[in-house]
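The lines below spell out each chain.
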Amino acid sequence: MSTELFNPLVPGFNPDPSVVRVGEDYYLVTSSFEYLPGLPVYHSTDFESWEQIGNVATRAEQLEIYDVPTPFGVFAPTIRHHDGLFHVIVTVVGGRGCLIFTAADPAGEWSDGTVIEGLQGIDPDLAWDEHGNAYVTYCGSSEANGETRPSILQVQVDVASGTVLEGPRPLWSGTGLKNPEAPHLYQRGGFWYLLIAEGGTERGHAVSIARSTSPEGPFEGSPSNPFLSARSTDRPIQNTGHGDIVELPDGSTGMVLLGMRPVGLMPAFSPLGRETFATRLEWVDGWPVAEPVTPNARQETIEFHDAFTAESFDNGWVAVRRTPSEVASVKNGDLVLVADGEGLDDPHPTFLGRRQTGLTAKVSVETDVSRGTGGLSLRFDEHHHYDLEARSTPQGVRLLARARLAGIQQEWHADLPAGPIILHVTAMPNAGQGSLAEPVEHVTFTAAPVGDESAAVTVAVIDGRYLSAEAVLSFTGRVLGLYCTEGAVTFRGFSSVSTNA
Ligand code: 6LW
């Protein structure tokens, strides 16, 4: 039976996907930038339904991202399996540099990470030849005719010690489009194939390929490069690039890659940022031909409820530059956040969130602000977030909705009587648009006394276009979470429901 390719394959903020097949099992990892735990690991046995089984970096010391500035942190991993061990190679930009993590079980625990000493670049790939030589192929820069240009480089390494044994040698620079990056090296049918992204991660993003009889080159590009791109098209999935090739359950060749889903009349704004998609490749004369990446969303609702009764955090919760257990505690159904001086505009907010996984999404949580100030936030980074905040006053509960965008701020207010409240945020693309001036997405903040939705107040309805990857100019995506800026806030019964039409 032919494997059905669902798109998005892994919805929400999941850029730079890399995938490996081991027997009947598939494991996929994506970039995580300033969030911890880092490097989510997704698993599938049919390539159709995917479940997050863990994270590579569950301990802060594995990444050391406490001080990395936005938009740095954990960029573009590669996952491979060799000699009975899973390997993830990645760069922590502005941090530990290029690292190799290993694990016997991809659900974890993963190792502390071995630094590849002296490697200057991003997007590392790891491949072994038949003699066991290990190659790290990555995006760096090389000099030609007195000019420094980004290019794909390669070193041979000792994986156990992280020592560079040979190189770097320049391999290829693509067809001349900007930003040749995201290399992956594969052996197939007597050739070594070098897959790369070029054109930049924006609308010009593309995938190109070259081949050689040796992993060290020289590489010859495909005559049909770039062999995949959505540039200058009106396809609903844009920015497609940064691929990784894998054999599908039906024996055909698949490629996972990043893409974006712009919404609105133009459509120009992608609320969820860069997500993981998939397409099929065919081999013609030893070169891949790609099908365009087409939408095929699962007709399902993605639901998540957390009653906060477990002692540990479900592996989809993330915090900013700190682990969830450093910022939050759970006990008997209460999730407590305690402010420690930094707010949402700072690099270390007291914030605990989850990726927004559907273009249509609703999150609700009971909130007790009798001892502090906090609420719900939709976050791209510390400079770009929409918030619904509550605090107690002598008259009751004061509600504040805030749009904070690169130093620009607008606020809306409403009031509720004293007592526990429930906060809701809904995100909904605006389907019935007649003009470009209309909102592309409605982000609605409402609140009600617990148990009395008839007394709900709408605090604000904000156009989501300004909290999109294009407006924010961000590598991340939307993370929807709970926060506290003063005192302590207790949350109960978090629920999130989302759909991708
Ligand atoms: C990543 C690069 C890219 O390192 O964006 O889309 C960078 N491609 O390959 C960050 O995700």
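Residues numbered from 1 in each chain as written. Predicted model: local features only at pLDDT ≥ 70, side-chain atom pairs only at ≥ 80, totals over all residues.

Undergrad: Quick question: what am I supposed to make of the overall build of the protein here?
TA: Scanning the protein from terminus to terminus reveals 3 helices and 36 strands. What you see for the protein is a C-alpha radius of gyration of 23 Å, in line with the 23 Å of a compact globule of 501 residues. With the principal axes as the frame, the protein shows a C-alpha extent of 75 × 50 × 50 Å. Taking all 501 residues of the protein together, the buried fraction comes to 52%. Of the contacts formed within the protein by residues at least 6 apart in sequence, a portion of 57% connects residues at least 24 apart. (Helix = DSSP H or I, 4+ residues; strand = E, 2+ residues; numbered from the N terminus. Rg over C-alpha atoms; globule rule 2.2 N^0.38 Å. Buried ≥ 20, exposed ≤ 12 C-beta atoms within 10 Å, placed from the backbone. Contact = placed C-beta atoms within 7 Å.)

Undergrad: Even after reading the chapter, I still don't get the sheet that holds strand S10 (residues 122-128), so can you show me in this structure?
TA: Hydrogen bonds between backbone atoms are what pair the strands of a sheet, whose relative direction is either parallel or antiparallel. Overall, antiparallel pairing links the 4 strands, which are arranged S10-S11-S12-S13 in an open sheet. Of all the strands in the sheet, just S10 and strand S13 (163-172) have a single pairing partner and so form its edges. Across the sheet, the mean angle separating the axes of adjacent strands is 35 degrees when strand polarity is ignored. Of the strand pairs in this sheet, strand S11 (residues 134-144) and strand S12 (residues 147-158) are connected by 11 bridges, and their pairing is antiparallel. Paired with Ser141 across the strands is Pro150, a residue of S12. (Pairing = 2+ DSSP bridges. Axes fitted to C-alpha atoms, helices over the stretch in contact; angles between N-to-C directions.)

Undergrad: Looking at this structure, I do not really get the site of the ligand. What am I missing?
TA: Near the ligand, the surroundings consist of 15 residues, among which Phe75, Ala76, Glu181, Ala182 and Thr201 are the closest. Only strand S6 (73-82), S10, strand S14 (181-188) and strand S19 (238-247) provide two or more residues apiece to the shell around the ligand. Split by residue class, the shell around the ligand holds 8 nonpolar, 4 polar and 3 charged. (Near = placed C-beta within 6 Å. Nonpolar A, V, L, I, M, F, W, Y, C, P; charged D, E, K, R; others polar.)

Undergrad: Looking at this structure, I do not really get the domain arrangement of the protein. What am I missing?
TA: When the parts of a complex come together, some accessible area is lost, and that lost area is often used as the size of the interface. Here the protein is described as being made up of domain 1 (18-290) and domain 2 (301-499). With 26 residues of domain 1 at the interface, the matching set in domain 2 holds 31 residues. For the side of domain 1 that touches domain 2, the leading source of residues is strand S5 (residues 51-57), giving 3 residues. Class assignment of the residues belonging to the side of domain 1 that touches domain 2 gives a composition of 16 nonpolar, 7 polar and 3 charged. (Domains from an automatic or database assignment.)

Undergrad: I keep staring at the sheet that holds strand S9 (residues 114-115) and nothing clicks. Help me out?
TA: Ordered in space as S6-S7-S8-S9, the 4 strands form an open sheet in which the pairing is antiparallel. In the strand order of this sheet, the two ends are held by S6 and S9, each with one partner.

Undergrad: What exactly am I supposed to notice about the confidence of the model for the protein here?
TA: Detailed reading of the predicted coordinates is not advisable wherever pLDDT is low. Looking at the protein as a whole, its pLDDT mean stands at 97, while 100% of the residues score no less than 70. Per the prediction output, this complex has pTM 0.98; the corresponding ipTM is 0.94. (pLDDT = per-residue confidence, 0-100.)

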